[in-house]
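What follows is the residue order along each chain.
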Amino acid sequence: SVLLVALATPSLPGQQVARGQHDATVAAAEVAARRGDWGSAVALAGQVAGAYQANGSSWSVPDLIAAGRAFAVLGARDPKYFHDALQAFDRASARDSSNTDSRLRAADLLLEKYNAPDAASSYREVLAIAPGNAHALLGLARVLRFDGDGGATAAVRGSIAADSLYAPARVL
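Source: prediction; values computed, not measured. (Residues numbered from 1 in each chain as written. Predicted model: local features only at pLDDT ≥ 70, side-chain atom pairs only at ≥ 80, totals over all residues. Heavy atoms only, no water.)

Considerations on the overall build of the protein chain
- Scanning the protein chain from terminus to terminus reveals 10 helices and zero strands.
- The linear arrangement of helices and strands in the protein chain, starting from the amino end, is α-α-α-α-α-α-α-α-α-α.
- Classification of the 172 residues of the protein chain by burial places 45% in the buried group. (Helix = DSSP H or I, 4+ residues; strand = E, 2+ residues; numbered from the N terminus. Buried < 20%, exposed > 50% of the residue type's maximum accessible area, 1.4 Å probe, protein only.)

In structure tokens, the structure reads:
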């Protein structure tokens, strides 16, 4: 449904996320993946990934982020696509150095794939652009927890202090 698609890609704290022409298709792929409908998820994400591979060099930043998200969906079934996701997020960051969305998505993906040092570096890049970004602060807390560092609780508190309504920080 339209509501599910709108909910699939929430704005990150303190940031309006621009939407590109491929955003709705990727959002539908993400919803299908969460529902376990991998046939639909792969088909929808594959549409965006294929279009990106055909002519992605001229895509806007929001569409580059959408391509990264599409490759991340595909990567859940075939890990070879995670490199493509990171590459698309990196292209978006290179095209707009003030964009935090692409960096946060790359950092989350890196941590998901057990690359804590690179994830931490990406979260710190976001904090250099947007000090007090609750998502980046929470990401650093997750890195600390991953590394078994006792400072994770204090870092989560920092994320909550930055945005008391940021639900993922309250869950961790």
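Here's the deal with the packing of helix 7 (residues 116-129) against helix 8 (residues 134-146)
- Axis separation between helix 7 and helix 8 bottoms out at 9 Å; the angle between their running directions is 155°. Of the possible angle classes, the one that applies to helix 7 and helix 8 is roughly antiparallel. Helix 7 and helix 8 meet at a crossing whose hand is left-handed. Contact with helix 7, carried on its side by Ala116, Ala119, Ala120, Tyr123, Arg124, Val126 and Leu127, involves His135, Ala136, Leu137, Gly139, Leu140, Arg142, Val143 and Phe146 of helix 8 and no other residues of that element.
- The residue inventory of the contact of helix 7 with helix 8, partitioned by class, reads 11 nonpolar, two polar and two charged. (Axes fitted to C-alpha atoms, helices over the stretch in contact; angles between N-to-C directions. Parallel < 35°, antiparallel > 145°, perpendicular 65-115°, else oblique. Left-handed = near helix turned anticlockwise from the far one by under 90°. Contact = heavy atoms within 4.5 Å. Nonpolar A, V, L, I, M, F, W, Y, C, P; charged D, E, K, R; others polar.)

Observations concerning the nonpolar core
- Membership of the largest hydrophobic core comes to 26 residues, with the highest contact counts inside it found for Ala45, Tyr52, Trp59, Phe71, Val73 and Phe89.
- For this core, the elements supplying multiple residues, two or more each, are helix 2 (23-35), helix 3 (38-55), helix 4 (61-75), helix 5 (81-95) and helix 6 (101-112).
- Among the elements that make up this core, the one with the highest residue count is helix 4 (nine residues).
- Residues contacting Val73, with those up to four places away along its chain left out, are Ala29, Glu30, Ala33, Trp38, Ala41 and Ala45.
- Core analysis: the second largest hydrophobic core is formed by 13 residues, Ala107, Tyr123, Val126 and Val143 among them. (Core = buried A, V, L, I, M, F, W, Y, C linked by side-chain atoms within 4.5 Å.)

Considering the packing of aromatic side chains
- Inspection of every chain in the model, using the stated rule, returns four aromatic pairs.
- Between the aromatic rings of Tyr52 and Trp59, the centroid separation amounts to 5.5 Å while the plane-to-plane angle is 70°, which identifies the pairing as edge-to-face.
- A relative accessible area of 7% places Tyr52 in the buried class.
- A ring pair is formed by Phe71 and Tyr81, whose centres lie 6.1 Å apart and whose planes are at 20°; its orientation type is stacked. In this pair, Phe71 sits in helix 4 while Tyr81 sits in helix 5, placing the two residues 10 residues apart along the sequence.
- The class for Phe71 is buried, based on a relative accessible area of 1%.
- Here Tyr81 falls in the partly exposed class, since its relative accessible area comes to 22%.
- Pairwise contacts between aromatic rings join Tyr52, Trp59, Phe71 and Tyr81 into one cluster. (Phe/Tyr/Trp six-rings, centres within 6.5 Å; stacked < 30°, edge-to-face > 60°.)

Some words on the pattern of salt bridges
- Taken as a whole and judged by the stated rule, the model has eight salt bridges.
- Residue Arg103 pairs with Glu125 through a salt bridge whose shortest N-O separation is 3.2 Å. Here Arg103 is found in helix 6, whereas its partner Glu125 is found in helix 7, with 22 residues between them in sequence.
- With relative accessibility at 13%, the residue Arg103 sits in the buried group.
- Connected through salt bridges with shared partners, the residues Asp23, Glu30 and Arg69 form a single ionic network. (Salt bridge = Lys/Arg side-chain N within 4 Å of Asp/Glu carboxyl O.)

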